[in-house]
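Residues per chain are reported as follows:
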Amino acid sequence: MPFAARILQFLDRRRTFHALLVLNVLMVLVTLWMSRNSMLSDGWSYLNLAEGILHGRYSMWWVLDGYYADTFRAPGYPFFVACCLKLFGTWKSVKAVNFLLYWIALYHALRTVEHLDPRRSTRSIFLLLLLPMVNIPFYINQLYTEIPVLAGLTFLMDAYLRPGRWSIGRAITAGLLMGFLILCKPMLLGFPIGMVALAWWFGRRKADLRGQLVMLGLCGLSLLPYGLWSLKHHGVFKVTPIQGGGGYMHFAYWCGKMPAYQDTISLRNFTGDELIRFTPADSVKSNIHAFEEEWAGVNAQLAPLLTRKDSVMMASWDRLPYAAEPTYNTAYALMREKLLGRLAIDRMLHDPWYTLGYKAYTAVRLWVIGIQRQDFERASFRSRVQMLYATGSTLLNFLLALVLLPWAYLRGVLALRTTWPLLATVLYVWLLHIPFTIQARYTVCARFALFVLMALALTGLLQRFSAKRNA
């Protein structure tokens, strides 16, 4: 029997599948234990918004007099955290809910594999690919959107690939879930429209338009309350926050020019000092000066829009139970977003070679956990090993996908007609994050979809290789 056939036979055994499942459970438990004391910074602002919701104000500054209506985050995930606080009395309950959602996501991922390939060997390969990816269960312990969105998108992949027409119940569930996901990650705003279009394109006469339109309608209805809230408090009907995109696109342009820079004048972020640099060391100081000068000009244009209420907010940091982002008045927030968006596009157009190079690197880093020079130099031996493992495992996974998936589609091992929901999810999440700051966590929500594609491709590869040896 050819070696490839023996591998498939081994992977198809029930014992092999169960052993890989147990190993994945152990991997998750070990990751949770090692990250039990970790709390990433954005989690505190989500928690502050959740407390604001429970006190009747969607604001990070709910302890102050007056209403500082939030301008920065969509309410889906804060509402999720608020529900956990209300039901269980502690924000740490979010970790338990995330733990449950992770396994729900895994269940739907395995079901998705089964819809496309009933062989147990393909599900075993999926579990094998997932086993070294500690970066996914790491977010179970965090107050971040990654795990709920991972579970939601994986459920939707199952729904799209399950045989048969959508029932009204499935369409309603999918629509409400789509709305919730957009209110967790606003970059998903175009996702449901794209899925409806692709479902029609690949289904043509067999397309379940009724189910898709019900889904789209319920998605729109679920976004309506936030749009009306924005209209009431900010004077614009908008189902995504009124600021964030332009500011982070602008900061993303400058990140590669200012390694290891602590920003204190704009969005209060820290730029990474990547192993690969995109600016000469002797130009960093002048780039920082140019960035700060640019922000000085932005702040000068915005200064007339500041109000006494804004001054009270900035003087009240010590009164907040958790960390918060500045929430300036609506006119200020809208103008700042407009100015920064224009500056970002102008900078990119006038510096095309740097922009193309840095964005190509961003495209890779969205899937690969990076190592920051200063962090690595200061780290203990154990921490260095952990950093190298995280980078190495995600890099190998990315390179395998980069080679395997195009080959599988070109050779007909994977068919767009059946796998388009998975590929669309991966490409949408990936491509829409490239203009913004580098964060490998942004693609966590699409990794199960990627692993399903890779598992199907690997099974097809092994099967073809075995058949050639037998011929």
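Above: the structure in question.
Now for a description of the structure that goes with this document.

What counts as what
- Residues numbered from 1 in each chain as written.
- Predicted model: local features only at pLDDT ≥ 70, side-chain atom pairs only at ≥ 80, totals over all residues.
- Heavy atoms only, no water.
- Core = buried A, V, L, I, M, F, W, Y, C linked by side-chain atoms within 4.5 Å.
- Buried < 20%, exposed > 50% of the residue type's maximum accessible area, 1.4 Å probe, protein only.
- Contact = heavy atoms within 4.5 Å.
- Helix = DSSP H or I, 4+ residues; strand = E, 2+ residues; numbered from the N terminus.
- Expected span 1.5 Å × (residues − 1).
- Phe/Tyr/Trp six-rings, centres within 6.5 Å; stacked < 30°, edge-to-face > 60°.
- Lys NZ or Arg CZ within 6 Å of the ring centre and 35° of its normal.
- Polar contact = N/O pair within 3.5 Å; in protein donor to acceptor, adjacent residues only side chain to side chain.
- Axes fitted to C-alpha atoms, helices over the stretch in contact; angles between N-to-C directions.
- Parallel < 35°, antiparallel > 145°, perpendicular 65-115°, else oblique.
- Nonpolar A, V, L, I, M, F, W, Y, C, P; charged D, E, K, R; others polar.
- Salt bridge = Lys/Arg side-chain N within 4 Å of Asp/Glu carboxyl O.

This brings us to the nonpolar core. By size, the foremost hydrophobic cluster in this structure holds 140 residues, and its most contacted members are Val81, Tyr102, Phe126, Ile136, Leu188, Phe448 and Phe451. Contacts of Leu188, omitting those with residues within four sequence positions, involve Val149, Leu181, Ile182, Tyr428 and Val429.

A few words now on the side chain of Ser316. Counting through the fold element by element, Ser316 comes out in the loop between helix H13 (308–314) and helix H14 (330–350). By relative accessible area, Ser316 is classed as buried at 4%.

Let us now look at unusual backbone geometry. Negative phi is the rule for most residues except glycine; trans is the rule for most peptide bonds. The phi dihedral of Ala260 is positive, around 60 degrees, even though this residue is not glycine. Within the secondary structure, Ala260 is located in the loop between helix H11 (245–255) and helix H12 (284–302). By relative accessible area, Ala260 is classed as partly exposed at 26%.

With that settled, the discussion passes to helix H4 (residues 76–88). Owing to its 3.6 residues per turn, the α-helix aligns residues three or four sequence positions apart on the same side. Counted at 1.5 Å a residue, the expected span for H4 with its 13 residues is 18 Å, and the 19 Å between its end C-alpha atoms agrees. Taken together, the buried residues of H4 touch helix H3 (42–54), helix H5 (93–116), helix H7 (146–161) and helix H8 (168–184). Positive backbone phi, approximately 80 degrees, marks Gly89, located one or two places after H4.

A few words now on the packing of aromatic side chains. Overall, the coordinates contain 29 aromatic pairs when judged by the stated rule. With 5.0 Å between their ring centres and 80 degrees between their planes, Tyr46 and Tyr77 make a pair best called edge-to-face. One end of the pair, Tyr46, is in helix H3; the other, Tyr77, is in helix H4, with 31 residues separating them in the sequence. By the burial criterion, Tyr46 is buried, and Tyr77 matches it. With 5.9 Å between their ring centres and 80 degrees between their planes, Phe99 and Trp103 make a pair best called edge-to-face. Of the two residues, Phe99 and Trp103 both sit in helix H5, four residues apart, roughly one turn of that helix. What links up through ring pairs into an aromatic cluster is the set Phe251, Tyr253, Trp254, Tyr261, Phe278, Phe291, Tyr354, Tyr358 and Tyr361. Over the ring of Phe17 we find Arg123, and its NZ or CZ is 5.8 Å from the ring centre. One residue, Arg384, lies across the ring of Phe376, its end atom 4.9 Å from the ring centre.

A rise of 1.5 Å per residue sets the reference length of H14, with its 21 residues, at 30 Å; its end C-alpha atoms lie 30 Å apart and thus fit the reference within 8%. Of the residues making up H14, those classed as buried are Thr330, Tyr332, Ala333, Arg336, Glu337, Leu339, Leu340, Gly341, Ala344 and Met348. On its buried face, H14 is in contact with helix H10 (209–234), H11, H12 and helix H15 (352–365). For H14, the side-chain oxygen to backbone nitrogen distance between the N-cap and Ala331 is 3.2 Å, and the N-cap itself is Asn329.

Further remarks concern the packing of H14 against H15. It is the contact of H14 with H15, at a shortest axis distance of 5 Å, that shows an interaxial angle of 105 degrees. Here H15 runs roughly perpendicular to H14, going by the angle between their axes. Listed contacts from H15 to Met348, Leu349 and His350 of H14 are Pro352, Thr355 and Lys359. Its residues assigned to classes, the contact of H14 with H15 comprises three nonpolar, two polar and one charged.

The next thing to look at is the environment of Asp158. Mapped onto the secondary structure, Asp158 falls in helix H7. Separated by 107 residues in sequence, Asp158 and Glu51 have C-alpha atoms that sit 34 Å apart. For Asp158, the residues in contact, after removing those within four places along its chain, are His108, Arg111, Thr112 and His115.

On inspection of all chains with the given rule, the structure shows 12 salt bridges. The shortest N-O distance in the salt bridge between Asp158 and Arg111 comes to 2.8 Å. Here the residue Asp158 occupies a position in helix H7, and Arg111 occupies one in helix H5, the gap between them amounting to 47 residues. Owing to a relative accessible area of 0%, Asp158 belongs among the buried residues under this scheme. Residue Asp117 pairs with Arg119 through a salt bridge whose shortest N-O separation is 2.8 Å. Asp117 sits in the buried class, given a relative accessible area of 8%. According to the relative accessible area criterion, Arg119 is partly exposed, its value standing at 30%. One continuous salt-bridge network, built from bridges that share partners, spans Asp42, Arg73, Glu146, Lys185 and Arg441.

Mapping Leu461 onto the fold places it in helix H19 (residues 447–470). What makes Leu461 partly exposed here is its relative accessible area of 32%. Residues Leu461 and Ser124, 337 residues apart in the sequence, show an inter-C-alpha distance of 15 Å. Each residue touching Leu461, except ones within four places of it in the same chain, is listed here: Leu404, Trp407 and Val413.

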